[in-house]
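Observations on chain architecture
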Amino acid sequence: MKVTAWLLIAAGFVVLLIGAEALVRGAVALATRLGVSPLVVGLTVVSFGTSSPEIAVSLGSVSQGRPDLALGNVVGSNSFNVLVILGLSALVTPLVVHAKLIRVDVPLMIGASILLWLLCVDGEISRLDGAVLFAGIVAYTLAAVRGARRESAEVKAEYDRGVTPARPPRLWLALVLIAAGLGLCVLGARWLVDGAVRVAQAMGVSELVIGLTIVAAGTSLPELATSIVAAFRGQRDIAVGNVVGSNIFNILAILGLAGLAAPNGLPVAPSVLALDLPVMTAVAVACLPVFFTGREIARWEGAVFILAYAAYLAYLILAATSHDALAGFSFVMLAFGLPLAGLGILGSVVASISAHRRPGPPL
């Protein structure tokens, strides 16, 4: 049964990725045919389309009575997006961060993370909480579309190269791609959820842990592919903006819809309140000083991101299996890992401020 479960997960991932690709291609082609600008398409259709696996899995989990998978998928995906996807993208090439991300989008990502944490304090995401979150994504999308009109010509040209297809397909083909993509996402999500539940039962771990790790990493593959390819092509605004936009969408839209779809709300496990939500929020907050230092994510900062995710993943596995090394690992992380990471970020901020204040050479 265990082998069958892993095959079901693998097949679910493959079908999800094919469905997401078809959905994004169809949606981009449709938007282009309707005269929507490439920048608006990149900020909305592409970012939201790459989150379609998370939508399908979370709503599928709710419909099958597996709320832990739905919540774990979103919380785990957000941590994975920043620490792994931005980390790997920065290792490919240092990522220059657009000023708008620092001023607007990263603070919004932090605010959405804190809002979710506060809404979960009572132990559930109710339908009212879901409505509040979903109203947030509607407002964010409208603001993004309005703000796109004021972007610089350089940013618009980058999105034009990275988003607009050379020859958009016919309208009927775009609609077929959208319909096929949606159908494949639903099918892949069902297989993935079924396989994840079987693996959790076979390994003796909770569905929440499977959602935070295997499912979260798998559903983030479209964001990973988009950002890595954009980094190789030098389209660094897309590489960073894709992750930040997807994280905002994951919290506000996906958990908003999941909260609205769950008849009795989404229960929030105590471990999520104690560890996973604080980690997700801390990761979002850590982006601000990292992005602020020179307005780029350097290669060494990308390496720190990846090491931080490895430490978080190791803790989840040790805690899920009640391993004897858990106590020692926790002590090392609290006594040395977190203080060293904090000092590194603080040192970068101080160095950046000093560099900005240093007077230039005399004329």
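Note that the coordinates shown come from a computational prediction; the quantities given were computed from them, not determined experimentally. (Residues numbered from 1 in each chain as written. Predicted model: local features only at pLDDT ≥ 70, side-chain atom pairs only at ≥ 80, totals over all residues. Heavy atoms only, no water.)

**Focus: the overall build of the chain**
- A count of helical and extended segments in the chain gives 14 helices and four strands.
- Each of the 363 residues in the chain was classed as buried or not, and the buried ones make up 49%.
- Surface exposure of the chain reaches about 16400 Å², of which carbon and sulfur atoms provide 70%. (Helix = DSSP H or I, 4+ residues; strand = E, 2+ residues; numbered from the N terminus. Buried < 20%, exposed > 50% of the residue type's maximum accessible area, 1.4 Å probe, protein only. Areas by Shrake-Rupley, 256 points an atom, 1.4 Å probe, with all protein chains shown as cover.)

**Here we look at the nonpolar core**
- In terms of nonpolar packing, the biggest core is built from 63 residues, with L86, L116, F291 and I297 touching the most fellow members.
- Elements represented by at least two residues in this core include exactly helix 4 (67-92), helix 5 (99-120), helix 6 (127-148), helix 9 (207-219), helix 10 (221-232), helix 11 (236-261), helix 12 (270-292) and helix 13 (299-320).
- No other element matches helix 11, which puts twelve residues into this core.
- With near-sequence residues (within four places) excluded, L86 lies in contact with N81, L95, A239, V240, V243, F291, I297 and F305.
- Within the second largest apolar cluster, 18 residues are counted, among which are L192, V193, A196 and V205. (Core = buried A, V, L, I, M, F, W, Y, C linked by side-chain atoms within 4.5 Å. Contact = heavy atoms within 4.5 Å.)

**Considering the side chain of E207**
- Among the secondary structure elements, E207 is positioned in helix 9.
- Residue E207 is classed as buried on the basis of its relative accessible area, which comes to 16%.
- Reaching out from E207, the side chain makes a polar contact with the side chain of R66 at a distance of 2.7 Å.
- Excluding residues within four positions of it along the chain, E207 makes contact with R66, D68, L69, V197 and A200. (Polar contact = N/O pair within 3.5 Å; in protein donor to acceptor, adjacent residues only side chain to side chain.)

**Overview of the environment of L326**
- Positionally, L326 belongs in helix 14 (residues 326-357).
- The spacing of L326 and Y315 is eleven residues in sequence and 7.1 Å in space, taken between C-alpha atoms.
- Beyond its immediate sequence surroundings of up to four residues, L326 is in contact with Y315, L318 and A319.

**Describing the packing of helix 9 against helix 10**
- With their axes 4 Å apart at the nearest point, helix 9 and helix 10 run at an angle of 45° to one another. In terms of their interaxial angle, helix 9 and helix 10 are classed as oblique. The segment helix 9 lies against helix 10, with A217, G218 and T219 engaging L221, P222 and E223.
- When the residues that make up the contact of helix 9 with helix 10 are grouped by side-chain class, the tally is three nonpolar, two polar and one charged. (Axes fitted to C-alpha atoms, helices over the stretch in contact; angles between N-to-C directions. Parallel < 35°, antiparallel > 145°, perpendicular 65-115°, else oblique. Nonpolar A, V, L, I, M, F, W, Y, C, P; charged D, E, K, R; others polar.)

**Overview of the environment of A11**
- As for its placement among the helices and strands, A11 is situated in helix 1 (residues 2-33).
- Spatially, the C-alpha atoms of A11 and G195 are 9.4 Å apart, while their sequence positions differ by 184 residues.

**Describing the packing of aromatic side chains**
- Taken as a whole, this structure holds two aromatic pairs when the rule is applied.
- An angle of 85° between the planes, with centres 5.5 Å apart, marks the rings of F80 and Y309 as edge-to-face. One end of the pair, F80, is in helix 4; the other, Y309, is in helix 13, and 229 residues separate them in sequence.
- By relative accessible area, which is 8% here, F80 ends up buried.
- Aromatic pair Y309 and Y312: ring centres 6.3 Å apart, planes at 65°, arrangement edge-to-face. Separated by three residues within a single helix, Y309 and Y312 lie in helix 13, roughly one turn from each other. (Phe/Tyr/Trp six-rings, centres within 6.5 Å; stacked < 30°, edge-to-face > 60°.)

**Comments concerning helix 10**
- Here helix 10 spans 16 Å end to end across twelve residues, near enough to the 16 Å set by a 1.5 Å rise per residue.
- Immediately beyond the C-terminal end of helix 10, within one or two residues, lies G234, with a positive phi of roughly 80°. (Expected span 1.5 Å × (residues − 1).)

**Brief notes about the side chain of S77**
- With respect to the helices and strands, S77 occurs in helix 4.
- Polar contacts involving the side chain of S77 include one to the main-chain carbonyl oxygen of N73, which spans 2.7 Å.
- Contact partners of S77, with chain neighbours within four places excluded, come to E54, G72, A216, T219, S220, N247 and N250.

**Quick notes on helix 13**
- Taking 1.5 Å per residue, 22 residues should reach 32 Å; helix 13 reaches 32 Å between its end C-alpha atoms and fits that length.
- Two residues or fewer after helix 13 comes S322, characterised by a positive phi angle close to 50°.

**Overview of the pattern of salt bridges**
- For the structure on display, the rule yields one salt bridge.
- Across the pair R66 and E207 runs a salt bridge, and its minimum N-O distance is 2.7 Å. Placement of R66 in the loop between helix 3 (52-63) and helix 4 and of E207 in helix 9 is noted, with a sequence separation of 141 residues between them.
- Its relative accessible area of 28% is what places R66 among the partly exposed residues. (Salt bridge = Lys/Arg side-chain N within 4 Å of Asp/Glu carboxyl O.)

**Observations regarding the packing of helix 4 against helix 9**
- Between helix 4 and helix 9, whose axes approach to 7 Å, the crossing angle comes to 50°. Between helix 4 and helix 9, the angle falls in the class oblique. In this structure, helix 4 meets helix 9 at a crossing whose hand is right-handed. Contacts between helix 4 and helix 9 pair D68, L69, G72, N73, V75, G76, S77 and F80 from the former with E207, L208, G211, L212, V215, A216, A217 and T219 from the latter.
- Residues that form the contact of helix 4 with helix 9 fall into these classes: eight nonpolar, six polar and two charged. (Left-handed = near helix turned anticlockwise from the far one by under 90°.)

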